[in-house]
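Coordinate analysis (summary)
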Amino acid sequence: MKIVTAYTFKGKLLTRTLRGALRLVHIFKKNSWSAPPPGFHDDPLRFKWKDLIYFAYKYYFRPPLQDDRQGAVRRYFEQRAPDFTPPDAFIELRKIRLTAAGDLMPYEWVQPDYCRKIWDDVADDFFQTDIAIANLETPIDLSRPSSHVPEMMLTDMRFNGDEEMFHIFNGAGRGKFDVLSFANNHTLDQGTEGVAATLQFLERHKIAQTGAARTERERQNFPVIEKEGIRVAFIAYTYSLNKYTPPEDQPWVVNYIEINQPGADLSSITRDVARARTSLRADIVVLSLHFGNAYHAFPGGHIVDNVERIFQEAGPDIILGSHPHNIQPMAKHNFTCPVTGVEKEGLVIYSLGDFIAYDIFNWCHLPVYLKIAISAGVENGKRKVIVSGVEPAPIYVCGVYNGNGGRELRLLDARRLAERIGKGQAPSFMRRSHTREFRGLMRFYQACFSFNLKDKRRGKNFAYGNIQGPK
């Protein structure tokens, strides 16, 4: 499978030129960069020239399929299959479902003319839920012009969305999000004024947000949504603000800690989770983390270490990862809640991938969304609320370029698409190049995501992991 697929003549020319230059780098670095450099952090604020070259290398030439521990990270996931079957002693009384998606990004494909049918294949399944969440990776300041991500982003740019773009993000009339994370590396692209404008915009659309604030008091009151008597709190943090940092006089404007650095200071996350458990009386705490390394199949070892520390020191129930653009694996983590002292099972997905976006990097065309069951019941005479199930739904983001400026972007259910292609009934808008790409993405899904997903009923790979790419 190709690593990048440009779709205009200019894009193809630039891609070939960059790949040609990076072939020279490959001669000297192919062994040392077959896995990420130890401790790589993906933070432009701390980049040195060698980091920039590695970033270009992994994007345009060869992304690492290994981790930086000589197989240790993969073995870590193999030992922590995300099986959340409730214990026999647990008596379920009520259940809700949380649907979690990845990044909503302002790529130039996300425009009304190109997205008329983007939700047709997945909206009914995605929005049949109690709570839907994603990461809004752009400010929306209507007083300023929108800024779409071009085919190739070769320089720094500052994102900004608009009403039409957000309508596409938010279900295009087929449903809507309940809460959005707004802590990511583009939060300050339009300054603190852009943050305030975005929060006002989301309030007008009656969507809760977490991760950014206009005042210190607002920062303390992250959202808690109650369904069926189950209270779910949402907290969000980002590892980077690109080349910015929060203003000294407004440190609360965005939740920012350097989570990608080894031994990161996690004290603010610990305080927030404790507040959610106590003052806000949350049964379940969801922590959205914008972190990790873009275009890596696996998280770095130091990232895994920090996540383990977050479970042990702070004790959220669910960690939803975003930023790497492509999917990264899930795992279960057993821990003792530092607030309640209760033994718990935590869920982490290191990256949900780009949900509504269209990057020329092909791995980005296969995000997943998670359908997470949360159950309230009784165990040994005591009330208990647990994560009782998780199902990943892989999505193929299909971008059709018709020439003369004509484009079409769709989110396709990968399970149904595999069945149709297997029967020789591929959608008419898909070309052979899409079929080849889809086949390669299914191999990537099985090798780097679903390898640790098991289904006890079948005694083999999880049902969604059984997707076979077309021959």
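The paragraphs below set out a description of the structure included in this document. Here the residue numbering is sequential within each chain, running from 1 through the sequence in written order. Owing to the predicted nature of the model, reporting of local features is limited to residues with pLDDT of at least 70; listing and counting of side-chain atom pairs is limited to 80 or more, with chain, interface and lining totals taken over all residues. Note: side-chain values were computed over all heavy atoms of the structure, leaving out hydrogens and water.

Brief notes about the overall build of the protein chain
- Tallying secondary structure elements over the protein chain gives eleven helices and 16 strands in all.
- The quantity called the radius of gyration is restricted to C-alpha atoms. Its globule counterpart is 2.2 Å times the number of residues to the power 0.38. Rg of the C-alpha trace for the protein chain: 21 Å, near the compact-globule value of 23 Å for 471 residues, within the 12% margin.
- Each principal axis of the C-alpha distribution contributes one length, and for the protein chain these read about 65 × 55 × 45 Å.
- Split into buried and exposed, the 471 residues of the protein chain put 59% on the buried side.
- In the protein chain, once contacts between residues fewer than 6 apart in sequence are set aside, the share between residues at least 24 apart is 75%.
- Computed by Shrake-Rupley with a 1.4 Å probe, the accessible areas treat only the displayed protein chains as cover when residues are assessed. If you sum the accessible surface of the protein chain, you get close to 19,600 Å²; carbon and sulfur atoms cover 48% of it.
- Computed over 62 positive and 53 negative side-chain charges, the separation of the two mean positions in the protein chain equals 7 Å. Helix and strand labels come from DSSP, where a helix needs a run of H or I of at least four residues and a strand needs a run of E of at least two; each type is numbered from the N terminus. Remark: exposure states derive from per-residue accessible area (1.4 Å probe, protein chains only) relative to the maximum for the residue type, with buried under 20%, exposed over 50%, and partly exposed in between. Pairs of residues are marked as contacts when any of their non-hydrogen atoms sit within 4.5 Å. In this tally, Asp and Glu contribute negative charge and Lys and Arg positive charge; neither His nor the terminal groups of the chain are included. Taken as the charge centre is NZ of Lys, CZ of Arg, CG of Asp or CD of Glu, depending on the residue.

Here's the deal with the packing of aromatic side chains
- Aromatic pairs are defined between Phe, Tyr and Trp rings, using the six-membered ring for Trp, whenever the two ring centres lie within 6.5 Å; interplanar angles under 30 degrees are classed as stacked, those over 60 as edge-to-face, and all others as tilted. Under the criterion given, the structure shown has 35 aromatic pairs.
- Between Tyr-59 and Phe-361, the aromatic rings sit 5.6 Å apart at their centres with planes inclined by 25°, giving stacked as the arrangement. On the criterion of sequence distance, the pair formed by Tyr-59 in helix 2 (residues 49-60) and Phe-361 in the loop between strand 11 (354-356) and strand 12 (368-379) is long-range, its members being 302 residues apart.
- When its relative accessible area of 9% is taken as the criterion, Tyr-59 is described as buried.
- For Lys-332, the ring lying beneath its charged end belongs to Phe-84, and the centroid distance is 5.8 Å.
- Geometry around Phe-429 places Arg-410 over its ring, the cationic atom sitting 4.0 Å from the centre. We count a charge as sitting over a ring when the NZ of a lysine or the CZ of an arginine lies within 6 Å of the ring centre and within 35 degrees of the ring normal.

A closer look at a positive patch on the surface
- Candidate patch residues must exceed 30% relative accessible area and have no salt bridge, after which like charges are joined if within 9 Å and Val, Leu, Ile, Met, Phe, Trp or Tyr side chains if within 5 Å. Whenever Lys or Arg places a side-chain nitrogen within 4 Å of a carboxyl oxygen from Asp or Glu, that contact is recorded as a salt bridge. On the surface, Lys-2, Lys-12, Arg-16, Arg-432 and Arg-436 cluster together to form a positively charged patch.
- Listed by contribution, the elements that provide at least two residues to the positive patch are helix 1 (9-29) and helix 11 (432-448).
- Positionally, Arg-436 belongs in helix 11.
- With relative accessibility at 49%, the residue Arg-436 sits in the partly exposed group.

Some thoughts on the packing of helix 10 (residues 414-422) against helix 11
- Geometry is summarised by axes, namely lines fitted to C-alpha atoms with helices restricted to the contacting stretch, and by angles between N-to-C directions that run from 0 to 180 degrees. Put simply, helix 10 and helix 11 touch, their axes get as near as 12 Å, and they point 125° apart. With respect to helix 11, the axis of helix 10 lies oblique. Regarding helix 10 and helix 11, the two cross each other, and that crossing is left-handed. When helix 10 is examined against helix 11, the residues Ala-414, Leu-417, Ala-418 and Ile-421 are found in contact with a partner set consisting of Thr-435, Phe-438 and Met-442.
- In this count, Pro and Cys sit with the nonpolar residues alongside Ala, Val, Leu, Ile, Met, Phe, Trp and Tyr, while Asp, Glu, Lys and Arg are called charged and the others, Gly among them, polar. Residue classes in the contact of helix 10 with helix 11 are distributed as six nonpolar, one polar and no charged. Angle categories: roughly parallel below 35 degrees, roughly antiparallel above 145, roughly perpendicular from 65 to 115, and oblique for all the rest. A crossing counts as left-handed when the near helix is turned anticlockwise from the far one by less than a right angle, and as right-handed when that turn is clockwise.

As for the environment of Glu-137
- Relative to the elements of secondary structure, Glu-137 occurs in the loop between strand 2 (131-136) and helix 5 (163-169).
- Discounting chain neighbours no more than four positions away, the residues touching Glu-137 are Asp-103, Leu-104, Met-105, Pro-106, Phe-159, Asn-184, Asn-185, His-186 and His-290.
- In terms of polar contacts, Glu-137 uses its side chain to reach the side chain of His-290, at 3.3 Å. For the purposes of these results, a polar contact is taken to be a pair of N or O atoms within 3.5 Å, where, inside protein, one atom must be able to donate a hydrogen and its partner to accept one; residues adjacent in sequence count only when each atom of the pair is a side-chain atom.

Here's the deal with the nonpolar core
- With 154 residues, the main nonpolar core has Trp-119, Phe-355 and Ile-372 as its most contacted residues.
- Ranked by residues supplied to this core, first place goes to strand 13 (residues 382-403) with nine residues.
- Contacts of Trp-119, omitting those with residues within four sequence positions, involve Phe-126, Phe-127, Ile-168, Phe-169, Gly-171, Ala-172, Arg-174, Phe-355, Ile-356 and Leu-411. As used in this record, nonpolar core signifies buried Ala, Val, Leu, Ile, Met, Phe, Trp, Tyr and Cys residues forming a set joined through side-chain atoms within 4.5 Å.

Quick word on the packing of helix 1 against helix 2
- Relative orientation of the contacting elements helix 1 and helix 2 amounts to 110°, with a least axis distance of 10 Å. Comparing the axis directions of helix 1 and helix 2 gives the class roughly perpendicular. Between helix 1 and helix 2 lies a crossing whose hand is left-handed. Contact residues: helix 1 offers Leu-18, Arg-19, Leu-22, Val-25, His-26 and Lys-29, while helix 2 offers Lys-50, Ile-53, Ala-56, Tyr-57 and Tyr-60.
- Per-class residue counts for the contact of helix 1 with helix 2 are seven nonpolar, one polar and three charged.

Thoughts on the pattern of salt bridges
- Evaluation of the coordinates by the stated rule reveals 28 salt bridges.
- Notably, a salt bridge pairs Glu-203 with Arg-214, separated by 2.4 Å at the nearest N-O pair. In this pair, Glu-203 sits in helix 6 (residues 191-204) while Arg-214 sits in the loop between strand 4 (208-210) and helix 7 (216-220), placing the two residues eleven residues apart along the sequence.
- Through salt bridges with shared partners, a single ionic network connects Asp-121, Asp-413, Arg-415 and Arg-416.

Some points on helix 6
- Spanning 14 residues, helix 6 covers 20 Å between terminal C-alpha atoms, matching the ideal 20 Å at 1.5 Å per step.
- Backbone geometry just after helix 6 places Lys-206 at a positive phi near 55°. Residue count minus one, scaled by 1.5 Å, sets the expected span of a helix.

Concerning the sheet that holds strand 8 (residues 318-322)
- Here the rule is simple: two strands pair whenever DSSP picks up at least two bridges between them. Spatially, six strands are ordered 5-6-7-8-10-9 in an open sheet, and the strand pairing comes out mixed. Strands at the two margins of the open sheet, each flanked by one partner only, are strand 5 (224-227) and strand 9 (327-336). If you compare each strand with its neighbour and ignore which way they point, the axes differ by 20° on average.
- Contacting strand 6 (230-238), strand 7 (284-290) and strand 10 (343-352), helix 8 (residues 267-277) runs over the sheet at an angle of about 165° to strand 6.
- Across the face of the sheet, helix 9 (residues 301-313) comes into contact with strand 7, strand 8, strand 9 and strand 10 while running at roughly 145° to strand 10.

Structural notes on the environment of His-365
- Note on placement: His-365 falls in the loop between strand 11 and strand 12.
- Classification of His-365 by relative accessible area gives buried; the value is 2%.
- Through-space distance from the C-alpha of His-365 to that of Asp-354 is 7.5 Å; in sequence the pair is eleven residues apart.
- Once you skip the residues sitting within four places of it in the chain, His-365 turns out to touch Tyr-358, Asp-359, Ile-395, Tyr-396, Val-397, Glu-437 and Leu-441.
- Within polar-contact distance, the side chain of His-365 engages the backbone oxygen of Asp-359 at 2.5 Å.

So, the pairing of strand 2
- Of all the six residues making up strand 2, six are buried; the element is thus mostly covered by neighbouring parts of the structure.
- Sheet topology places strand 1 (residues 90-104) next to strand 2; five bridges connect them, and they run parallel. Counterpart to Leu-98 in the pairing with strand 2 is Ile-131.
- Here strand 2 pairs with strand 3 (residues 179-181) via three bridges, running parallel. Paired with Ile-133 across the two strands is Val-179, which belongs to strand 3.
- Here the term right-handed applies to a crossover when the path leading from its first strand over the helix to its second strand runs clockwise, the strands being oriented away from the viewer. At this point the chain moves from strand 2, through helix 5, to the parallel strand 3, and the crossover so formed is right-handed.

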